[in-house]
Amino acid sequence: MIEKIKIDKCPICSKSHTYKLEVERDQLIGMITLESSQYETIKFMRIFSCPKNGSVFKAKITLYQTPISKIKAVKIRGISNETQDN
Ligand SMILES: [Zn+2]
């Protein structure tokens, strides 16, 4: 599943960028009696590259998971086209 994450302030150019993330989640359909409203935040440190000049930087991103949909893996899939560039 492709999700999007916004980096509010790029450490290279100080602009905001939106990246596409490929998020792999466990879907435990046998456990639907669990409270699915129970959201939990988890933080990941990932390497991003600035579209301005290709320099890379590390950033911490926060994603949400529930007990029935735990995140297994997160991969950066590049910059999202919706990013405004000015
Ligand atoms: Zn940048």
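Shown above is the structure to which this text applies.
Attention in this report is confined to the structure presented alongside it. (Residues numbered from 1 in each chain as written. Predicted model: local features only at pLDDT ≥ 70, side-chain atom pairs only at ≥ 80, totals over all residues. Heavy atoms only, no water.)

### Thoughts on the overall build of the protein chain
1) Next: When helices and strands are tallied, the protein chain shows zero helices and five strands.
2) Next: Ordered by position from N to C terminus, the α and β elements of the protein chain give β-β-β-β-β.
3) Next: Here the protein chain, with 86 residues, has 29% of them falling under the buried criterion.
4) Next: Intrachain contacts of the protein chain at a sequence separation of at least 6 include 60% that bridge at least 24 residues.
5) Next: As presented, the protein chain carries roughly 6000 Å² of accessible surface, and 50% of it is formed by carbon and sulfur atoms. (Helix = DSSP H or I, 4+ residues; strand = E, 2+ residues; numbered from the N terminus. Buried < 20%, exposed > 50% of the residue type's maximum accessible area, 1.4 Å probe, protein only. Contact = heavy atoms within 4.5 Å. Areas by Shrake-Rupley, 256 points an atom, 1.4 Å probe, with all protein chains shown as cover.)

### What to know about the pattern of salt bridges
1) Next: Taken as a whole, this structure holds five salt bridges when the rule is applied.
2) Next: With a closest N to O distance of 2.9 Å, Glu 3 and Arg 25 form a salt bridge. A residue pair is termed long-range when its members are at least 10 positions apart, and Glu 3 in strand 1 (residues 2-7) and Arg 25 in strand 2 (residues 17-25) qualify at 22 residues.
3) Next: A relative accessible area of 21% means that Arg 25 is categorised as partly exposed.
4) Next: Among the ionic pairs, Lys 72 bridges to Asp 26, the shortest N-O distance being 3.6 Å. Here Lys 72 is found in strand 5 (residues 71-79), whereas its partner Asp 26 is found in the loop between strand 2 and strand 3 (40-49), with 46 residues between them in sequence.
5) Next: Owing to a relative accessible area of 29%, Asp 26 belongs among the partly exposed residues under this scheme.
6) Next: Through salt bridges that share partners, Glu 24, Asp 26 and Lys 72 make up one connected network. (Salt bridge = Lys/Arg side-chain N within 4 Å of Asp/Glu carboxyl O.)

### Observations regarding the side chain of Ser 80
1) Next: Mapped onto the fold, Ser 80 is located in the segment after strand 5.
2) Next: Taking relative accessible area as the criterion, Ser 80 reaches 5% and is therefore assigned buried.
3) Next: Those residues in contact with Ser 80 that lie beyond four places of it in its chain are Lys 4, Thr 18, Tyr 19 and Lys 20.

### Concerning the sheet that holds strand 2
1) Next: Spatial ordering of the open sheet is given by 1-2-5, a layout of three strands whose pairing is antiparallel. A strand with exactly one partner marks an edge of an open sheet, and here the two such strands are strand 1 and strand 5. Pairwise comparison of adjacent strand axes, ignoring direction, gives a mean angle of 35° for this sheet. (Pairing = 2+ DSSP bridges. Axes fitted to C-alpha atoms, helices over the stretch in contact; angles between N-to-C directions.)

### With respect to the coordination of the zinc ion
1) Next: Only Cys 10 (SG), Cys 13 (SG), His 17 (NE2) and Cys 50 (SG) from the protein coordinate the zinc ion, and they sit 2.0 to 2.4 Å from it.
2) Next: Coordination at the zinc ion comes from four donor atoms whose angles at the metal span 102 to 116°, giving a geometry best classed as tetrahedral.
3) Next: Mapped onto the polypeptide sequence, the residues donating to the zinc ion form the spacing pattern C-x2-C-x3-H-x32-C.
4) Next: A relative accessible area of 1% means that His 17 is categorised as buried. (Donors = N, O, S within 2.8 Å, 3.2 Å for Na, K, Ca; no water. Tetrahedral: all angles 85-135°; square planar, octahedral: opposite > 155°, others 65-115°.)

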